[in-house]
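The residues making up each chain are set out below.
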Amino acid sequence: MIRINLLPVEMRRGKRLQAKLLVVALASAAVVTVAAGWLGMKWFGDLQSAEDRLAAADAQLGELQRRVGYADQLESNKNDYTVRVQTIKDIGNSRRVWSKFLDELIDVVNNNGDTERHMAWFDDLQVRNDPAKGATVSLSCAVQGDEQDRLANFHDDMARSSFGKQAMLSDPNWKLEEEEGRVPPSSLRFALSLQFPPTNANAQPGNPAKK
């Protein structure tokens with residue numbers, strides 16, 4: 001009887017693969033698979049570690065940038081405050097304190113009670129202020145007695161005062177007046193003006209303002 005074997009050649013009896021070869025092949029495949037898995041884990045592990053380090057570096061850089069921005073803002077605020085403080089100082093330097101002027105004027109008139117040197121009074125006081133030209137103080141003055149030395153003493157004391165050193169004083173063009181019932185009845189009357197320089201940040205006490 002004729003038999004026909006339909007199995008593949010490698011599976012036919014006498015031509016099958018040996019079990020050792022199959023074991024070796026399977027073992028090799030397992031080793032390759034394990035090695036590939038280990039390399040993959042190593043690769044992805046290093047990649048994850050690198051990504052973590054990169055994220056930490058980014059976070060640190062962001063914090064440093066925030067601090068730099070805060071420092072820049074503080075520096076900007078410092079400059080702004082410095083400008084404001086300087087502006088306030090300039091405004092303060094540009095103001096003339098009239099109450100101080102009046103106090104000093106009263107001290108000159110009283111002259112510590114020394115009426116022998118001069119005894120003066122004012123009928124009126126007017127102030128005109130021009131930001132460009134400065135302030136002008138006009139006084140209607142009188143010095144008791146008919147002695148011109150007393151008038152000269154009073155004018156000298158005005159010129160030597162702190163406000164007199166800042167201003168230009170007019171010359172006293174006087175006239176003699178008589179009034180009955182006053183002791184002494186005579187007085188020397190004159191108009192006096194003080195021209196102050198304009199007040200600004202560049203003007204220094206005792207010096208004319210810069211143009």
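Residues numbered from 1 in each chain as written. Predicted model: local features only at pLDDT ≥ 70, side-chain atom pairs only at ≥ 80, totals over all residues. Heavy atoms only, no water.

Draft legend 1. Structural context of the packing of aromatic side chains. The full count for this structure, using the stated rule, is six aromatic pairs. Between Trp-98 and Phe-196 the ring centres are 6.1 Å apart and the planes differ by 90°, which places this aromatic pair in the edge-to-face class. Taken together, the positions of Trp-98 in helix H2 (residues 98-110) and Phe-196 in the segment after strand E5 (186-195) put the pair 98 residues apart, joining distant regions of the chain. Ring geometry for Phe-101 against Phe-196: centres 5.9 Å apart, planes inclined by 90°, an arrangement best described as edge-to-face. Of this pair, Phe-101 sits in helix H2 while Phe-196 sits in the segment after E5, and the two are 95 residues apart along the sequence. The two residues Phe-101 and Phe-196 agree in class, both being buried. One aromatic cluster is present, built from ring pairs that chain together Trp-98, Phe-101, Phe-163 and Phe-196. (Phe/Tyr/Trp six-rings, centres within 6.5 Å; stacked < 30°, edge-to-face > 60°. Helix = DSSP H or I, 4+ residues; strand = E, 2+ residues; numbered from the N terminus. Buried < 20%, exposed > 50% of the residue type's maximum accessible area, 1.4 Å probe, protein only.)

Draft legend 2. The arrangement of the confidence of the model for the protein chain in detail. Within the protein chain, residue pLDDT values average 79, and 76% of them lie at 70 or more. Below pLDDT 50 for its whole length, residues 201-211 participates in 13 contacts with residues either more than four positions away or in separate chains. (pLDDT = per-residue confidence, 0-100. Contact = heavy atoms within 4.5 Å.)

Draft legend 3. Seen up close, the nonpolar core. Counting residues in hydrophobic clusters, the biggest one holds 21 residues, and the most contacted among them are Phe-154, Met-158, Phe-163, Leu-194 and Phe-196. Looking at this core, the element that brings in the most residues is strand E2 (residues 134-144), giving five residues. With near-sequence residues (within four places) excluded, Met-158 lies in contact with Leu-105, Val-108, Leu-139, Phe-163, Gly-164, Leu-169, Leu-192 and Leu-194. (Core = buried A, V, L, I, M, F, W, Y, C linked by side-chain atoms within 4.5 Å.)

Draft legend 4. Local environment of the side chain of Asp-157. Along the chain, Asp-157 turns up in helix H3 (residues 148-160). Excluding its chain neighbours within four sequence positions, the residues that come into contact with Asp-157 are Val-108, Asn-111, Arg-117 and His-118.

Draft legend 5. Here's a closer look at the pattern of salt bridges. Scanning the entire structure with this criterion turns up nine salt bridges. Close ionic contact of Asp-80 with Arg-84 constitutes a salt bridge, the shortest N to O distance being 3.1 Å. Residue Asp-80 and its partner Arg-84 are located together in helix H1 (residues 19-94), separated by four residues, close to a single helical turn. Owing to a relative accessible area of 33%, Asp-80 belongs among the partly exposed residues under this scheme. Note that Arg-160 and Asp-157 form a salt bridge whose closest N and O atoms lie 2.8 Å from each other. Here Arg-160 pairs with Asp-157, and both are found in helix H3, just three residues apart, close to one helical turn. Each of Glu-63, Arg-66 and Arg-67 takes part in one network of salt bridges that share partners. (Salt bridge = Lys/Arg side-chain N within 4 Å of Asp/Glu carboxyl O.)

Draft legend 6. The arrangement of the packing of H2 against H3 in detail. Running from N to C, H2 and H3 cross one another at 150°; their axes reach a closest spacing of 10 Å. The angle between the axes of H2 and H3 places the two elements in the roughly antiparallel class. The crossing of H2 and H3 is right-handed. Facing H2, whose interface residues are Leu-105, Val-108 and Val-109, H3 presents Phe-154, Asp-157 and Met-158. Residues of the contact of H2 with H3, tallied by class, amount to five nonpolar, no polar and one charged. (Axes fitted to C-alpha atoms, helices over the stretch in contact; angles between N-to-C directions. Parallel < 35°, antiparallel > 145°, perpendicular 65-115°, else oblique. Left-handed = near helix turned anticlockwise from the far one by under 90°. Nonpolar A, V, L, I, M, F, W, Y, C, P; charged D, E, K, R; others polar.)

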